[in-house]
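Chain residues, written in single-letter form:
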Amino acid sequence: MAINRREFLGTTLGGLAAAGAGSLVGLDALLATDSPAYAGFPTPDAAAGFRPDTLFLTWQRDPTTTMTIQWLGHEHTHSARISYAVLGQENWQTADPKLKPFPNTQFDVFRTELTGLSPGTEYQFKIGDNSPTFRFRTMPAKATNDFTFVSGGDAGVNRHTIDNNIIAAKQDPMFCLFGGDIAYDNGVSAATNIQFHRDYSRTMIDTQGRLIPMVAGIGNHEVRTSKGPLHQRGPYYFAWHDGLYAETSYATLDFGDYLSLILLDTNHASPVAGEQTDWLEKRLAERVEIPHLIPVNHVPAYPSVRDFNFGGGAPIRKYWVPLYEKYNVDLVLDHHDHAFKRSYPMKDGLKDPNGILYLGDGSWGKLRRPQGLEKTPYLEHVSESYHFTIHRLEGEERFHMAMSDSGRILDVCSTKKKPRGKSMG
Ligand SMILES: [Fe+2]
Ligand SMILES: [Fe+2]
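If you're wondering where the values come from, they're calculated on a predicted model, not measured in any experiment.

Undergrad: Is there a simple way to think about the environment of L114 in this case?
TA: With respect to the element layout, L114 can be found in strand 6 (residues 108-114). Through-space distance from the C-alpha of L114 to that of T65 is 8.3 Å; in sequence the pair is 49 residues apart. Here L114 is in contact with T65, T66, M67, I69, I82, Y84, A95 and F136, once residues within four sequence places are set aside.

Undergrad: Would you mind showing me how to read the side chain of T415 here?
TA: By the secondary structure assignment, T415 is in strand 23 (residues 409-416). Within the structure, T415 has its side chain in polar contact with the side chain of H400 (distance 2.8 Å). Those residues in contact with T415, other than ones at most four positions away along the chain, are D330, L357, E396, E397, R398 and H400.

Undergrad: Is there a simple way to explain the sheet that holds strand 3 (residues 82-86) in this structure?
TA: Two strands in a sheet stick together by hydrogen bonds in their backbones, pointing the same way (parallel) or opposite ways (antiparallel). The strand order 4-3-7-8 describes an open sheet built from four strands, whose pairing is antiparallel. Every other strand in the sheet has two partners, leaving strand 4 (93-95) and strand 8 (134-137) as the edge strands with one partner each. Put simply, the sheet's adjacent strands are angled 30° from each other on average, direction ignored. Examined bridge by bridge, strand 3 and strand 7 (residues 122-127) share five bridges and lie antiparallel to one another. Residue pairing for strand 7: V86 is matched across the bridge by Y123.

Undergrad: So what exactly am I meant to see when it comes to the coordination of the iron ion (ligand 2) here?
TA: Ideal donor angles around a metal are set by the shape: a four-donor tetrahedron calls for 109.5 degrees, a six-donor octahedron for 90 or 180 degrees. Only D181 (OD), N220 (OD1), H298 (NE2) and H336 (ND1) from the protein reach the iron ion (ligand 2) as donors, at distances of 2.1 to 2.2 Å. Look at where the donors of the iron ion (ligand 2) fall in the sequence and you get D-x38-N-x77-H-x37-H. Here the iron ion (ligand 2) and the iron ion (ligand 1) are spaced 3.2 Å apart, and both take D181 as a donor. With H298 in the loop between strand 14 (292-296) and helix 8 (314-326) and H336 in the loop between strand 15 (332-333) and strand 16 (340-343), this pair connects stretches of sequence that are 38 residues apart.

Undergrad: I keep staring at the coordination of the iron ion (ligand 1) and nothing clicks. Help me out?
TA: For the iron ion (ligand 1), the full set of protein donor atoms is D154 (OD), D181 (OD), Y184 (OH) and H338 (NE2), at a range of 2.0 to 2.2 Å. With four donor atoms in place around the iron ion (ligand 1) and angles of 87 to 167° between them, the coordination shape is irregular. Counting along the primary sequence, the residues that act as donors to the iron ion (ligand 1) give the motif D-x26-D-x2-Y-x153-H.

Undergrad: Any chance you could explain the packing of helix 7 (residues 275-286) against helix 8 here in plain terms?
TA: A pair of packed helices is captured by two measures, namely the crossing angle of their axes and the spacing between those axes. Taken N-terminus to C-terminus, the directions of helix 7 and helix 8 make an angle of 10°; their axes are 10 Å apart at the nearest point. Viewed along their axes, helix 7 and helix 8 adopt a mutual orientation that is roughly parallel. The segment helix 7 lies against helix 8, with Q276, T277, L280, E281 and L284 engaging Y319, W320, L323, Y324 and K326. Looking at side-chain class alone, the contact of helix 7 with helix 8 contains six nonpolar, two polar and two charged residues.

Undergrad: Got a minute to help me understand the pattern of salt bridges in this structure?
TA: All told, the structure shown has 25 salt bridges when counted by the stated rule. Across the pair R392 and D146 runs a salt bridge whose closest N-O atoms are separated by 3.8 Å. Of this pair, R392 sits in strand 21 (residues 387-394) while D146 sits in the loop between strand 8 and strand 9 (147-152), and the two are 246 residues apart along the sequence. A relative accessible area of 30% places R392 in the partly exposed class.

Undergrad: What exactly am I supposed to notice about the nonpolar core here?
TA: General note: in soluble globular proteins, nonpolar side chains tend to be found buried as a group. Counting 80 residues, the largest nonpolar core has F102, F125 and F175 as its most contacted members. At five residues, the largest contribution of residues to this core is made by helix 6 (residues 235-241). Aside from chain neighbours lying at most four places away, what touches F175 is W59, M139, F147, T148, F149, V150, I212, P213, V215, F255, L259 and L261.

Undergrad: Looking at this structure, I do not really get the packing of helix 3 (residues 159-169) against helix 4 (residues 190-203). What am I missing?
TA: Remark: helix 3 packs on helix 4, axes separated minimally by 9 Å, with the N-to-C direction vectors making an angle of 30°. Considering their axes alone, helix 3 and helix 4 lie roughly parallel with respect to each other. Pair helix 3 / helix 4 crosses with right-handed handedness. Residues T161, I162, N165, I166 and A169 of helix 3 touch helix 4, and the partners they reach there are F196, D199, Y200 and T203. Partitioned by chemical class, the residues of the contact of helix 3 with helix 4 number five nonpolar, three polar and one charged.

Undergrad: Would you mind going over unusual backbone geometry with me for this structure?
TA: In most cases, non-glycine residues show a negative phi, while peptide bonds are predominantly trans. Residue D361 is reached from G360 by a cis peptide bond, and omega for that bond is 10°. With respect to the secondary-structure elements, D361 resides in the loop between strand 19 (358-360) and strand 20 (379-383). Residues other than glycine seldom take positive phi values, yet D154 does so here, at roughly 60°. With respect to the helices and strands, the residue D154 is situated in the loop between strand 9 and helix 3. Classification of D154 by relative accessible area gives buried; the value is 0%. Residue H336 is not a glycine yet carries a positive backbone phi of 85°. Among the residues examined, H336 registers a relative accessible area of 8% and is labelled buried.

Conventions adopted
Residues numbered from 1 in each chain as written. Chains lettered and ligands numbered in written order. Predicted model: local features only at pLDDT ≥ 70, side-chain atom pairs only at ≥ 80, totals over all residues. Heavy atoms only, no water. Helix = DSSP H or I, 4+ residues; strand = E, 2+ residues; numbered from the N terminus. Contact = heavy atoms within 4.5 Å. Polar contact = N/O pair within 3.5 Å; in protein donor to acceptor, adjacent residues only side chain to side chain. Pairing = 2+ DSSP bridges. Axes fitted to C-alpha atoms, helices over the stretch in contact; angles between N-to-C directions. Donors = N, O, S within 2.8 Å, 3.2 Å for Na, K, Ca; no water. Tetrahedral: all angles 85-135°; square planar, octahedral: opposite > 155°, others 65-115°. Parallel < 35°, antiparallel > 145°, perpendicular 65-115°, else oblique. Nonpolar A, V, L, I, M, F, W, Y, C, P; charged D, E, K, R; others polar. Salt bridge = Lys/Arg side-chain N within 4 Å of Asp/Glu carboxyl O. Buried < 20%, exposed > 50% of the residue type's maximum accessible area, 1.4 Å probe, protein only. Core = buried A, V, L, I, M, F, W, Y, C linked by side-chain atoms within 4.5 Å. Left-handed = near helix turned anticlockwise from the far one by under 90°.

None of the figures reported here should be taken as evidence of function without further support.
This is the structure in structure tokens:
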């Protein structure tokens, strides 16, 4: 059965109300399509058909051949079967979503994983029998194709996040990587999490109309506790991302044989030392031949704002940085401090032309004042700016451009493929 937009909003309102008044932060904002958050966007139009307002794409495994489609909805209120085909072709295939509860609401997460897709191919899909046609593209099969992705962290529900979303989407990135502190729901606010995804869904569409997949890592604002069953430590974050994080709060996402993102948990749902460190060493050792090997920290190894010794980075420098150096990773993405920073290439705690670059520090929608370069001698550039970074991979070379939420270029640098070999493992 199809449902129009007004009915869908009516049912979502009921779902939120069921969460209890205590968690209804921002309910008006959730439903106010004339709020500043939507300036410049068309008002939802029932005639356009069923378009879930939290619809977004992500991955649970190899992005060259799979795509995961997710949104929040209600069971039985609309047809949710996904029909998909290569763009321009009419050999439609179908897949049905799996449903699971979105905690403390009456919503379900509708999740459909498409597998066996062709790499480097543009697809179209529809939801049920009354939706617009959406588009996405799979990642290329080989690193010989140049491509762009964007990264950042520490977003939340605010104007800066939306501005950065809009500018990031204009870069036509293949995906958007968030290194933690994504919605700022703190594991307790369903409404905040939903609003973040509404903003993402509406803004993260590229210049060709393709939805931009999200890759997410965990930060402190995803979790409410570090104890108890894993997925209950950050219930809203894991409700969306427990496909990739089925057993642990850290994971690798391998793009064919050319790019591996090592998505780490810097002491939020899982401790740094022990199991995760053992896991990290194994994962790095297995990937020495991957040309683009990039760990993603939430808490920075080399902070721009917080104190070097007491800012939370000490265990990362103790347990993980030696592994990053042993396996000579290409680049480390840091977040959490809420500023732009680029480190010097660092090795053994010192500037070294053969060292590792740390880029951060998570200011997609949150901002703090950096300490200043005299107090952070390991940093070459800092800026108190909302920003995201555009990464362009061209063969064995990478370009990294930091861009502010007004579209200003803050910094450009490049990194090259590093020597790694089997002997290192
Ligand atoms: Fe943050
Ligand atoms: Fe944080």
